[in-house]
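As a plain string of letters, each chain reads:
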Amino acid sequence: MRSDGKMLDKHNLFYEMKETLGMDGCPICGMTRKAVDSFIEGMLYDKINDHGLRDALVKSKGFCSDHSWQIRRAGNPLAHTLIYAHFLEEMLTVGSYLQKKDNPPKAPFTANAMRPVLKKLKPEAACPLCIYRDDAEERYLRSLVHFIQDQDFALQYKASSGVCRLHFLRIQKLFCPRDIKQIIIDRFYRTAYRLYLELEEIKRKNDYRFASEETGEERDAWVRAISFWTGDAGRK
Ligand SMILES: [Zn+2]
Ligand SMILES: [Zn+2]
């Protein structure tokens with residue numbers, strides 16, 4: 001391992017990830033969540049009229065269901081109104097539905113009439129926020145492997161709880177020097193082992209014979225086990 005950290009280009013990402021190692025849970029999950037949250041915040045408050053994003057949304061027909069609801073939780077009814085009014089108008093304008101005099105107007109039914117409507121409903125691209133998240137996640141994974149070459153960063157990684165199972169699997173597919181891989185695997189095993197012992201402790205105290213014993217640090221181990229095994233992407 002390179003002992004001299006000066007060889008690394010220590011930009012913001014380096015320090016941000018180092019700081020994340022001091023927190024609970026997988027650093028890749030943590031940073032990816034943060035990136036998605038700030039994308040949503042920026043989008044709802046400044047970027048709603050951004051042309052690139054608008055074009056992407058027109059192609060994808062909005063966000064995927066998970067991201068749509070996540071964005072909804074961020075608030076801003078007007079931003080939502082603008083997005084959805086646009087999609088509904090696009091759909092209803094086909095075949096001059098909005099101009100029809102009868103009330104309610106007759107919906108298109110024949111295959112010919114439906115073809116242009118379906119074009120307005122079907123996504124032609126993936127959810128822009130999924131694309132953004134996947135890019136960020138990939139960049140963080142590569143950066144993590146790269147940053148562990150720094151001795152100080154490596155020490156902090158060893159003292160953290162390391163990556164979740166899903167990101168551990170992703171790292172196996174990346175190019176990763178032997179010594180770095182060893183650090184990641186060791187950390188993964190130590191976290192798994194510690195969690196296992198804590199879960200066993202919960203099981204033991206759940207037994208009526210030991211139920212009077214006070215619960216210790218293992219109290220929330222089952223929640224940390226979810227985080228370790230499936231990552232924090234779905235965590236609310
Ligand atoms: Zn993770
Ligand atoms: Zn999505």
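Here, the structure is the one placed above.
Keep in mind the model is a prediction, meaning the values are calculated, not measured.

(A) Quick look at the packing of helix α1 (residues 12-21) against helix α7 (residues 128-147). Packing of α1 against α7 brings their axes to within 11 Å, and their N-to-C directions diverge by 85°. In terms of their interaxial angle, α1 and α7 are classed as roughly perpendicular. On α7, the residues touching Leu-13, Phe-14 and Met-17 of α1 are Ser-143, Leu-144 and Phe-147. When the residues that make up the contact of α1 with α7 are grouped by side-chain class, the tally is five nonpolar, one polar and no charged.

(B) Structural view of helix α2 (residues 27-45). For α2, built from 19 residues, the straight-helix expectation of 27 Å at 1.5 Å per residue is met to within 8% by its first-to-last C-alpha distance of 27 Å. On the buried face of α2, the contacting elements are α1, α3 (51-60), α4 (65-73), α7 and α9 (165-172).

(C) Structural view of the nonpolar core. Core analysis: the largest hydrophobic core is formed by 21 residues, its most contacted members being Ile-28, Leu-144, Ile-148, Cys-164 and Ile-183. Of all elements in the fold, only α2, α7, α8 (151-159) and α10 (178-206) reach the threshold of two or more residues within this core. When neighbours within four sequence positions are excluded, Ile-148 is seen to be in contact with Phe-153, Ala-154, Tyr-157, Ile-180 and Ile-183.

(D) Broad picture of the packing of α1 against α2. Contact geometry of α1 with α2 gives a least axis separation of 9 Å together with a crossing angle of 120°. The orientation of α1 relative to α2 falls into the category oblique. Note on packing geometry: the crossing formed by α1 with α2 is right-handed. Where α1 approaches α2, its residues Glu-16, Met-17, Thr-20 and Leu-21 are matched on the opposing element by Pro-27, Gly-30 and Met-31.

(E) Representation of unusual backbone geometry within the structure. At the junction of Asn-103 and Pro-104, the peptide bond is cis and its omega measures out at 0° in the coordinates. Topologically, Pro-104 is positioned in the loop between α5 (77-93) and α6 (111-121). Positive phi values are uncommon outside glycine, yet Lys-61 reaches one of about 55°. As for its position among the elements, Lys-61 is in the loop between α3 and α4. The backbone of Asn-76 sits at a positive phi, close to 60°, despite the residue not being glycine. In this structure, Asn-76 sits in the loop between α4 and α5. By C-beta crowding, Asn-76 is classed as partly exposed, having 16 other C-beta atoms within 10 Å.

Analysis parameters
- Residues numbered from 1 in each chain as written.
- Chains lettered and ligands numbered in written order.
- Predicted model: local features only at pLDDT ≥ 70, side-chain atom pairs only at ≥ 80, totals over all residues.
- Axes fitted to C-alpha atoms, helices over the stretch in contact; angles between N-to-C directions.
- Helix = DSSP H or I, 4+ residues; strand = E, 2+ residues; numbered from the N terminus.
- Parallel < 35°, antiparallel > 145°, perpendicular 65-115°, else oblique.
- Contact = placed C-beta atoms within 7 Å.
- Nonpolar A, V, L, I, M, F, W, Y, C, P; charged D, E, K, R; others polar.
- Expected span 1.5 Å × (residues − 1).
- Core = buried A, V, L, I, M, F, W, Y, C linked by C-beta atoms within 7 Å.
- Buried ≥ 20, exposed ≤ 12 C-beta atoms within 10 Å, placed from the backbone.
- Left-handed = near helix turned anticlockwise from the far one by under 90°.

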